[in-house]
Amino acid sequence: MATPRHLLVDPANECDYHLVSRCVRRAFLCGVDEHDGRDYSYRRAWLVQRLMRIAPCFAVDVYAYTVLSNHFHLVLRHDPLAGRGWSDDEVARRWVEAFPPTERGEVVEALKPERRELILDDPGRVARARATLGSMSHFMKHLKQPIARRANLEDDCTGHFFEQRFYSGALLTEEALIAAMAYVDLNPVRAELAKRIEEIRDTSIGERLQVNSAEALADYLRPVVSGLDGRAPPAGSPPVAVVAVESQVDGETVTFDLAAVGTGRPSEGEPQEAARGDPREVGTDAPVAESGAPAAESTEKSSGPEPGGPAEEPGRPRRRPPPHFTLAEYIDLVRAMAGADAGRSADRADGVSRWLARTTVLRRRQRAFGDGPALRRWLADRTMQFRETPLPA
């Protein structure tokens, strides 16, 4: 029997999740059909386009995605209470952007102001829109439903396109988030759809590889598409100075930092509490990510609310910090993991092996992922038995 969704999704605290949805009977409805040889690969772009349209309107940040032949993966951050801080105007704007007025299948921009006014004139409709846009389940429903209808219309058939229930696993620590992102980004390589990450299409790593500016590469990982922009970001820390690791990938030496990033350990000479910083001062027993980065001056221009952004609610847990991986470190890590996983790397560095072991745990389809203490807290809050496998240290 499936676990009730309300036990799998935190109703009050921001949390990261790994989501998977498969085509019905795992049929290759987004790839090359093995029975009749028809190529449906173009449907992957439908999902990506739909994701880019509605994700900025819902209370989610998408950190990674991959669309394969018979299923797709998402790694996202969900804040179930974010909608409470949106004004009625903001709710109406988001709703109309997610579900714009159309004529003959084309969006009619001129009708958007009228549609927003109609929503604002009905308080009940505003309340329903606020609840829908704040729900992760509604986000998945409105992501998949138009794809299913479009495919059924094209195939002149009825019935399910996707399986009815999507999988969701909570990512309780920063290590779990990064491992899930790498697992998702490496799926096309494991499925032999590409030999190198540079060849991957319809996945978030393809977007991240297009970033060339030094500032973006040196910055922490950001969502590829965000619906939570406008909230105050937490005070952060500069990237951790760590030991460089070299790995041979396709005959080239790739150097990237691994030793202290995402390990959850304080740097040498820093007291334990100072190393943890703000993320531990949440005021709740709900699991939060530990960065392992020493407290330092923020790289953000301001740690307060952005101009025009909503103030955080009194008594609410602070926002989870962004991953303490820079974009450059993450790209190098995924590239080295792809080479090692495919057996092309003669020298599998300890750091690469460690992250490959973490992504292996992600294949177990657990209810939650993280270290032992985080899993026990999460399961105790839901009166579940401890059967999950902690991420390797």
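The present account deals with the structure reproduced in this document. Since we're looking at a predicted model, the values are computed, not measured.

Focus: helix α5 (residues 123-133)
The α-helix winds at 3.6 residues per turn, so residues separated by three or four positions along the chain end up facing the same way.
Then step 1. Every buried residue belonging to α5 is among Val 126, Ala 129, Thr 132 and Leu 133, and all of these are buried. Along the long axis of α5, the arc covered by the buried residues comes to 130 degrees, so they all point the same way. More than 90 degrees from the buried face of α5, the exposed residues found are Pro 123, Arg 128 and Ala 131.
Then step 2. Against the buried residues of α5 lie α3 (88-98), α4 (112-120) and α6 (136-155).
Then step 3. Sitting at the amino-terminal end of α5 is Asp 122, which places a side-chain oxygen 3.1 Å from the backbone nitrogen of Gly 124.

Overview of the pattern of salt bridges
Then step 1. One pass over the full model with this rule turns up 15 salt bridges.
Then step 2. Among the ionic pairs, Glu 90 bridges to Arg 94, the shortest N-O distance being 2.8 Å. Placement of both Glu 90 and Arg 94 in helix α3 is noted, with a separation of four residues, approximately one turn of the helix.
Then step 3. Under the relative-accessibility criterion, Glu 90 is labelled partly exposed at 21%.

Things to note about a negative patch on the surface
Then step 1. Together, Asp 89, Glu 117, Asp 121 and Asp 122 line one region of the surface with negative charge.
Then step 2. Tracing the sequence through the fold places Asp 122 in the loop between α4 and α5.
Then step 3. Relative accessible area serves as the criterion here: at 32%, Asp 122 is assigned to the partly exposed category.

Comments concerning unusual backbone geometry
For residues other than glycine, phi is negative in most cases, and the peptide bonds are mostly trans.
Then step 1. Despite not being glycine, Arg 365 has its phi angle at roughly 55 degrees, a positive value.
Then step 2. Mapped onto the secondary structure, Arg 365 falls in the loop between α12 (350-362) and β10 (368-369).
Then step 3. By relative accessible area, Arg 365 is classed as partly exposed at 27%.

Some thoughts on the environment of Ser 21
Then step 1. One can find Ser 21 in strand β1 (residues 15-22).
Then step 2. Taking the C-alpha atoms as reference points, Ser 21 and Gln 164, 143 residues apart in sequence, are found 8.7 Å from one another.
Then step 3. Once residues lying within four places of it in the same chain are set aside, the contact partners of Ser 21 are His 71, Phe 72, Met 140, Lys 144, Phe 162 and Phe 166.
Then step 4. Engagement of the side chain of Ser 21 in a polar contact is seen with the side chain of Lys 144, the distance being 2.9 Å.

Thoughts on the environment of Lys 195
Then step 1. Counting through the fold element by element, Lys 195 comes out in the loop between α7 (174-190) and α8 (204-208).
Then step 2. In the structure, Lys 195 is positioned 144 residues away from Gly 339 in sequence and 8.6 Å away in space, judged by C-alpha atoms.

A look at the pairing of strand β3 (residues 71-78)
Then step 1. Of all the eight residues making up β3, eight are buried; the element is thus mostly covered by neighbouring parts of the structure.
Then step 2. Judged by which residues are buried, β3 turns out to be covered on both faces: His 71, His 73, Val 75 and Arg 77 on one side and Phe 72, Leu 74, Leu 76 and His 78 on the other are all buried.
Then step 3. As defined by bridge partners, β1 adjoins β3 across eight bridges and the pair is classed as antiparallel. Opposite Arg 22, over in β3, you have His 71 as the bridge partner.
Then step 4. Across seven bridges, the pairing between strand β2 (residues 60-67) and β3 is antiparallel. Opposite Asp 61, over in β3, you have Arg 77 as the bridge partner.
Then step 5. Between β2 and the antiparallel strand that follows it, β3, lie three residues.

What about the packing of α7 against α12?
Then step 1. Across the interface, α7 lies against α12 with an axial gap of 9 Å and an inter-helix angle of 85 degrees. Here α7 lies roughly perpendicular to α12, going by the angle between them. The residues of α12 that touch α7, namely those facing Glu 175, Ile 178, Ala 179, Ala 180, Ala 182, Tyr 183 and Arg 190, are Trp 355, Arg 358, Thr 359 and Leu 362.
Then step 2. Considered class by class, the residues forming the contact of α7 with α12 number seven nonpolar, one polar and three charged.

A closer look at the environment of Ser 226
Then step 1. Relative to the assigned elements, Ser 226 resides in strand β7 (residues 225-226).
Then step 2. For Ser 226, a relative accessible area of 15% puts it in the buried group.
Then step 3. Each C-alpha atom, one on Ser 226 and one on Val 62, is 6.1 Å from the other, the two residues being 164 residues apart in sequence.
Then step 4. Setting aside residues no more than four positions away along its own chain, Ser 226 makes contact with Ala 55, Pro 56, Val 60 and Asp 61.
Then step 5. A distance of 2.4 Å separates the side chain of Ser 226 from the side chain of Asp 61, its partner in a polar contact.

Overview of the packing of α7 against helix α11 (residues 327-341)
Then step 1. Interhelical geometry of α7 versus α11 gives an angle of 50 degrees and a closest axis separation of 10 Å. As far as their axial angle goes, α11 and α7 are oblique. The handedness of the crossing between α7 and α11 is right-handed. Taking contact as the criterion, the partners of Ile 178, Met 181, Ala 182, Asp 185, Leu 186, Val 189 and Arg 190 in α7 are, on α11, Tyr 330, Leu 333, Val 334, Met 337, Ala 338 and Asp 341.
Then step 2. Residues that form the contact of α7 with α11 fall into these classes: ten nonpolar, no polar and three charged.

Re the nonpolar core
Then step 1. In terms of nonpolar packing, the biggest core is built from 57 residues, with Phe 58, Val 62, Leu 74, Leu 76, Phe 139 and Phe 161 touching the most fellow members.
Then step 2. Ranked by residues supplied to this core, first place goes to α6 with seven residues.
Then step 3. Setting aside residues no more than four positions away along its own chain, Leu 76 makes contact with Cys 15, Asp 16, Tyr 17, Leu 19, Val 60, Asp 61, Val 62, Tyr 63, Met 136 and Phe 139.

Cut-offs and rules
As a convention, each chain's residues are numbered from 1 in the sequence order in which they are written. This being a predicted model, a pLDDT of at least 70 is required before a residue's local features are given, and a value of 80 or more before pairs of side-chain atoms are given or counted; all residues contribute to the totals for chains, interfaces and linings. Note: side-chain values were computed over all heavy atoms of the structure, leaving out hydrogens and water. Burial classes follow relative accessibility: with a 1.4 Å probe on protein chains only, a residue under 20% of its type's maximum area counts as buried, one over 50% as exposed, and anything between as partly exposed. Helix and strand definitions follow DSSP, with helices as H or I runs of at least four residues and strands as E runs of at least two, each counted in order from the N terminus. Along the arc lie the directions from the helix axis toward the C-beta atoms. Two residues form a contact once any of their heavy atoms are found within 4.5 Å. In protein, a polar contact means a hydrogen-donor-capable atom and an acceptor-capable atom, both N or O and within 3.5 Å, with residues adjacent in sequence counting only if both atoms are side-chain atoms; elsewhere, any N or O pair within 3.5 Å suffices. Criterion for a salt bridge: a side-chain nitrogen of Lys or Arg within 4 Å of a carboxyl oxygen of Asp or Glu. What makes a patch is a set of residues exposed beyond 30% relative accessible area and free of salt bridges, joined within 9 Å when like-charged and within 5 Å when nonpolar (Val, Leu, Ile, Met, Phe, Trp, Tyr). Computed by Shrake-Rupley with a 1.4 Å probe, the accessible areas treat only the displayed protein chains as cover when residues are assessed. None of His or the chain ends enter the tally, which takes Lys and Arg as positive and Asp and Glu as negative. In this description, the location of a charge corresponds to atom NZ of lysine, CZ of arginine, CG of aspartate or CD of glutamate. Two strands pair under a simple rule: DSSP has to find at least two bridges between them. All axes here are fitted lines through C-alpha atoms, helices being fitted over the stretch that makes contact, and every angle between N-to-C directions spans 0 to 180 degrees. What sets the label is the angle itself: under 35 degrees gives roughly parallel, over 145 gives roughly antiparallel, 65 to 115 gives roughly perpendicular, and the rest give oblique. Residue polarity is assigned by list, with Asp, Glu, Lys and Arg as charged and Ala, Val, Leu, Ile, Met, Phe, Trp, Tyr, Cys and Pro as nonpolar; anything else, Gly included, falls into the polar class. A clockwise turn of the near helix away from the far one marks a right-handed crossing, whereas an anticlockwise turn of less than a right angle marks a left-handed crossing. Remark: nonpolar core denotes a set of buried residues (Ala, Val, Leu, Ile, Met, Phe, Trp, Tyr, Cys) joined through side-chain atoms within 4.5 Å.

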